[in-house]
Structures are given as structure tokens and as C-alpha cells.
Amino acid sequence: MPIRCVVCGATGRMGSTVIKLIESEENFELIGAVERRDHPDLAVDVGYLLFGRNNSVCLENDLRDVVAGADVVIDFTEPDASLFHAEVCADKKVAYACGTTGFTDEQWKRFLAMASRTRTVYAPNFSVGVLVLSKLVQLAASSLSDWDVEIVEVHHGKKLDAPSGTAKKLAQVVAEARRDVGEHRLVFGREGRGSERGRAELGVHAVRGGDVFGEHTAYFLGPAERLELTHRASSREAFARGALAAAEFIVGTEAAAVYSMEHVVEAALPPLAEEIPVLAGLEPSKKERGG
Ligand code: NAD
């Protein structure tokens, strides 16, 4: 049985990418598509809207009208909308995968309270590459503990929030790796005289323009050398694929809680091989073995 999905923010950049991917995957089925109340295409077939071929799912404006029968709701909208969608999923006990960013602290607390009443997976970035970037940043932050760190992100000009949720998450990873949460001072951009860098500063900078899907670089700046760790998404499909992996994970999870992409990836990893296989061509030669 395919996983029955409702997508919120269905005609947005991410929602439409997710729907197109669902159409190409046998394991998933689109049963609902939700947009904002004043969307000009409400009641129009979403397949027709996105790829010119009817798929019998019409654009609705209220998740409560389409959530019945869904295995999972996938949400890429904006914070107030996601607060409402989390509440609906919690009330109906439907699994929820959310990638919306830009919550204020107050909204985030309300979101967590709501989303933890059901099985939720939340990720400011669903890309598996960004998850690995975050692990590399953690390693570099603890190994190079006295180096300065600055994070720079680049996104298309239509992105509503700045800096990105991923850049803020990377800053948090640095602070946690150095056991310094609360001691680092986040600095968003610099300007004017007196901008000399303080030791406790952690710079987070947003570049906007063009059609960039998402780039994040963590700079580790030390004496006479520096390390740069960069992730670049070359298509929104990177996030959409991660969102579907997250949807599959959360549908198969039993306990209500807010899970992260780490849980998704760990659940998908194969068990460790008992013996480390030797790559062909890398076996020691007879001469090396002394034979
Ligand atoms: P977008 O503006 O292209 O799409 C958002 C869609 O949500 C729009 O179509 C809008 O009409 C719709 N919407 C707004 N209010 C709504 C409501 N109340 N109910 C239903 N639909 C509503 O933006 P986007 O680039 O698709 O990004 C959406 C969100 O996802 C942003 O917060 C962005 O930062 C985030 N994002 C997350 C990831 C990730 O991997 N987690 C990747 C890319 C973008």
C-alpha cells in the first residue's frame, strides 16, 4: 500500500517539487493538496496546475477538509500556517513532516508543544548532505576549539526569512560542540567602525539573490590557516527526497514526539557489516605481504 500524503503549500516552490516527486514514486500517493485561503486556483486539479495532467486531487484551503485517510501531512508553508497544520495533525493523530522555517522563539515554543502531541519530524533542511555537513561542523568546532567561526548562507531572493533556519542550526551546533551555549554572541552582518571581531562572536550572514536553491559554508578561521566546509543544493529535489524519506520514517514510527533528520537517517542506515570488506584492487600485493 502506498503512503497516502497531503501536501500543504502545494503550489509553492517546495510543495510543488514534493508533489512532482510523489507522482514519480510508486511508494507514495497524493490524496490532498492545501493552499492559502486567497489562492487564485482553489478547487482546480493540482495535477493539471503543476504538470498539465489531471490527478483527481483538487486544491483545498483547509487541511481539516482533506486530512481524513491520510498517513502523513507534508508541510512547506510559513510559520503561522504550520502552527495550524501541527494542531490539526495533533488533533487527528496523523503523522506530520514539516520543513517550514522562520519561526519566532514564541512561535517555535507553540509549534513544539503542538507537534509533540503527534508523530512529527521537523527539519529546517531535509537534505542528507546538510546533515553530514552539520556532523562535520560539530567535529571541526570541537577539534579547532579556539578558531573563529563564521557561517555564510546564500539563497534565492524570494526567501522570506534570514538567516536561514539551517544557518541558525549550524551556529547552534558550533555552540553546543564547544559547550558554550549562551556564551557565544551571534552577529548578523557587520557594518561601520568598531566592527572589530570579539572572541565570543559567532557570525551568521545571509546573501540573497538569483535562483540559488541553498548554499551553506562554515568558515573555521585559525592562525595562518582556515577550513571551509560547504554544502550546495543543485536542485530542490534534494530537500523533496529528504522530505519523502522523513515522511516514510514518521509513518513507521509509533511514539508521539518531534523527531529530526538524524533519526530519519539513522533509521535508514544498514546495520554495520561484521567484517570491513576490502575494496577490489586495494588488497596488499604479495610483495607488500612479504610473499
Ligand atoms: P513558497 O513561498 O514558494 O511556498 C510557500 C507556499 O505556502 C505558497 O504556495 C503559499 O501560498 C503557501 N501558503 C501560505 N500560507 C498558507 C496557508 N495558511 N495554508 C496553506 N498554504 C499556505 O516557499 P518555499 O520556497 O516553498 O518554502 C516554504 C517554506 O519551506 C519556507 O519556510 C522555506 O524556508 C522552507 N524550506 C525548507 C526546506 C527544508 O529542507 N526544510 C527547503 C526549502 C524551503
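These numbers were taken from a predicted model, which means no experiment stands behind them.

Caption draft 1: Seen up close, the overall build of the protein. When you go through the protein residue by residue, the secondary structure sums to eight helices and 12 strands. Principal axes of the C-alpha set define a box for the protein whose edges measure 70 × 65 × 35 Å. Taken over 291 residues, the protein has a buried fraction of 44%. As displayed, the protein has an accessible area near 16000 Å², and 51% of this comes from carbon and sulfur atoms.

Caption draft 2: Structural context of the packing of aromatic side chains. The full count for this structure, using the stated rule, is nine aromatic pairs. Where Phe103 meets Tyr122, the ring centres are 6.2 Å apart and the plane angle is 75°; that geometry is what we call edge-to-face. Separated by 19 residues along the polypeptide, Phe103 in the loop between β5 (95–98) and α4 (105–115) and Tyr122 in strand β6 (residues 119–122) bring together distant segments of the chain. Side by side, Phe103 and Tyr122 carry an identical accessibility label, which is buried. An aromatic cluster of at least three residues, connected via ring pairs, comprises Tyr96, Phe103, Trp108, Phe111 and Tyr122.

Caption draft 3: The arrangement of the sheet that holds β5 in detail. Strand order in the open sheet formed by seven strands is β3-β2-β1-β4-β5-β6-β12, and the pairing between neighbours is parallel. Two strands lie at the open edges of the sheet, namely β3 (59–60) and β12 (257–259), each paired on one side alone. As paired elements, strand β4 (residues 72–75) and β5 share four bridges and run parallel to each other. For Val73, the partnering residue across the bridge sits in β5 and is Tyr96. Helix α3 (residues 79–92) rests against β1 (3–8), β2 (28–34), β4 and β5 of the sheet, and its axis sits at about 160° to β5.

Caption draft 4: The site of the ligand, seen in detail. Contacts to the ligand come from 22 residues, most closely from Arg13, Met14, Glu35, Thr101 and Phe126. A distance of 2.8 Å separates an oxygen atom of the ligand from a polar atom in the backbone of Arg13. Lys159 has a polar side-chain atom sitting 2.9 Å from an oxygen atom of the ligand. Relative to its unbound accessible area of 850 Å², the ligand is 82% covered by the protein chains. Where the shell around the ligand is concerned, the elements lending two or more residues are α1 (13–24) and α3. For the shell around the ligand, the class distribution of residues is seven nonpolar, nine polar and six charged.

Parameters at a glance
- Residues numbered from 1 in each chain as written.
- Predicted model: local features only at pLDDT ≥ 70, side-chain atom pairs only at ≥ 80, totals over all residues.
- Heavy atoms only, no water.
- Helix = DSSP H or I, 4+ residues; strand = E, 2+ residues; numbered from the N terminus.
- Buried < 20%, exposed > 50% of the residue type's maximum accessible area, 1.4 Å probe, protein only.
- Areas by Shrake-Rupley, 256 points an atom, 1.4 Å probe, with all protein chains shown as cover.
- Phe/Tyr/Trp six-rings, centres within 6.5 Å; stacked < 30°, edge-to-face > 60°.
- Pairing = 2+ DSSP bridges.
- Contact = heavy atoms within 4.5 Å.
- Axes fitted to C-alpha atoms, helices over the stretch in contact; angles between N-to-C directions.
- Near = heavy atom within 4 Å.
- Polar contact = N/O pair within 3.5 Å; in protein donor to acceptor, adjacent residues only side chain to side chain.
- Nonpolar A, V, L, I, M, F, W, Y, C, P; charged D, E, K, R; others polar.

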